[in-house]
Each structure stands twice: as C-alpha cells, then as structure tokens.
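As a plain string of letters, each chain reads:
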Amino acid sequence: NKKVSDAYLHNHPYTVAITLMGSPIFFQETHYYTKEAKDEIKPVIATYKQHRDEMYQGFVFPIGEKPSNKSWSGFQNYNPETNTGYLTIFREINNDVSNKKMKLHFIKDATLILTNLMTGTTEEKIIKSDGTIDFEIPKPANFRFYKYEIK
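Residues numbered from 1 in each chain as written. Predicted model: local features only at pLDDT ≥ 70, side-chain atom pairs only at ≥ 80, totals over all residues. Heavy atoms only, no water.

A. Molecular detail of the overall build of the protein chain. On a plain count of helices and strands, the protein chain comes out with 2 helices and 8 strands. Going from the N terminus to the C terminus, the protein chain shows its helices and strands as α-α-β-β-β-β-β-β-β-β. Its C-alpha atoms give the protein chain a radius of gyration of 15 Å, near enough to 15 Å, the size a compact globule of 151 residues would have. In terms of its C-alpha atoms, the protein chain occupies a principal-axis envelope of roughly 45 × 35 × 25 Å. Expressed as a percentage of contacts within the protein chain between residues at least 6 apart in sequence, the contacts between residues at least 24 apart total 61%. When the accessible surface of the protein chain is split by element, carbon and sulfur atoms take 52% of a total near 8,900 Å². For the protein chain, the separation between the mean place of its 20 positive charges and that of its 18 negative charges on side chains is 4 Å. (Helix = DSSP H or I, 4+ residues; strand = E, 2+ residues; numbered from the N terminus. Rg over C-alpha atoms; globule rule 2.2 N^0.38 Å. Contact = heavy atoms within 4.5 Å. Areas by Shrake-Rupley, 256 points an atom, 1.4 Å probe, with all protein chains shown as cover. Lys, Arg positive; Asp, Glu negative; His and termini not counted. Charge placed at Lys NZ, Arg CZ, Asp CG, Glu CD.)

B. Representation of unusual backbone geometry. Phi at aspartate 109 takes a positive value of approximately 45°, unusual for a residue other than glycine. Examined against the element boundaries, aspartate 109 turns out to sit in the loop between β4 (99-103) and β5 (110-116). Owing to a relative accessible area of 60%, aspartate 109 belongs among the exposed residues under this scheme. Even without glycine at this site, alanine 141 takes up a positive phi of about 60°. Within the secondary structure, alanine 141 is located in the loop between β7 (132-136) and β8 (142-150). (Buried < 20%, exposed > 50% of the residue type's maximum accessible area, 1.4 Å probe, protein only.)

C. Quick peek at the packing of aromatic side chains. Tallied over the full model, the rule gives 6 aromatic pairs. A network of ring pairs unites the aromatic residues Tyr14, Phe90 and Phe143 as a single cluster. (Phe/Tyr/Trp six-rings, centres within 6.5 Å; stacked < 30°, edge-to-face > 60°.)

D. Representation of helix α2 (residues 35-55) in the model. Spanning 21 residues, α2 covers 29 Å between terminal C-alpha atoms, matching the ideal 30 Å at 1.5 Å per step. By the largest-angle criterion, lysine 49 marks the main kink of α2, which is about 40°. Considering only its buried residues, α2 is in contact with α1 (12-19), β2 (72-79), β3 (84-91) and β8. (Expected span 1.5 Å × (residues − 1). Bend = angle between axes of the 7 residues up to and from the residue.)

E. Broad picture of the packing of α1 against α2. Across the interface, α1 lies against α2 with an axial gap of 8 Å and an inter-helix angle of 40°. In the packing of α1 onto α2, the handedness of the crossing is right-handed. Listed contacts from α2 to His12, Pro13 and Val16 of α1 are Ala37, Glu40, Ile41, Val44 and Ile45. (Axes fitted to C-alpha atoms, helices over the stretch in contact; angles between N-to-C directions. Left-handed = near helix turned anticlockwise from the far one by under 90°.)

F. Structural detail: the pairing of β5. Only one face of β5 is buried, namely the one carrying Ala110, Leu112, Leu114 and Asn116, since none of Thr111, Ile113 and Thr115 on the opposite face is buried. Pairing of β5 with strand β6 (residues 122-127), which is carried by 6 bridges, proceeds in the antiparallel orientation. Residue pairing in the sheet places alanine 110 in a bridge with isoleucine 127 of β6. The antiparallel pairing of β5 with β6 creates a hairpin that spans 5 residues between the two strands, and glycine 120 there sits at a positive phi of about 85°. In the sheet, β5 pairs with β8 via 5 bridges, with the strands oriented antiparallel. Its bridge partner being in β8, isoleucine 113 is matched across the sheet by glutamate 149. (Pairing = 2+ DSSP bridges.)

See the structure below:
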C-alpha cells in the first residue's frame, strides 16, 4: 500500500536480504513476482542457500542504528565455536552518508577477512578496540552480504 509504505521504492534483492538473518525458512510467494523481479532475487536466494546451514549454527544480533529509512542498520550472525559469522549491512533509502562506522559484537582489536557473498571479493578490515569497523555502500537503498572470519 503506497499510502502507508515506501517498500515499493526498494529493489527486490534489498527486500529479500532483510529477511535472511531472521528466518531459517525463506517463505515468499514468488509466483506473484514478475519475471524481472524473479531474475533479480535469484542470485540472493542462491547465495543464501549455499550458506544457510552454516548460518543456522550462529546467533543473530542487530547492529547499527534502529531502522528509520535514514540509518545504517543490519545483522551480525556469530558462531562462537568457529569464530566466524555473517553480516548483512543496509544503507537505507533516505541516508546520504556513503561510509559508516558500525560496532560489532564479540570482536575487538582484530582483523576480519570479509567476503562479499554477492561479488566474491575479499578484503581485510581492522576491528578497533571499541569493536567498530568501517563500511562503505556508495548508493542508498543498498546492502552488503558478507561472510567473515577472524584472522
């Protein structure tokens, strides 16, 4: 309902990614999607399916700011037995800041190896003594889906 929600302004991969950390079962009536929409979400769902069993072994915590359509928010999935996890980071639609420092749980003074699961690229990021890490998402209404391991 466009009168009460701006969900229609977000692309399909973004709206699917929001659900990935919170539900062990992805339930969506995709038969209502257009072919174009299905094509957009297929890579996100395929990536999720490759990692969901491992994600189920972790615990999920909110990170960032409270969603407000202007914030940076997300989820951290952490497995204390393996010291690995997953991150979904969201730069919301009315946010005009392309870089954000976010605090993670349980990790301080360390180097993370981040793998962007949608692109396959890997980078190392420093977690500061206060548990913060810098992220960049150039465009609003976009997200990152990472797997991480502590180096």
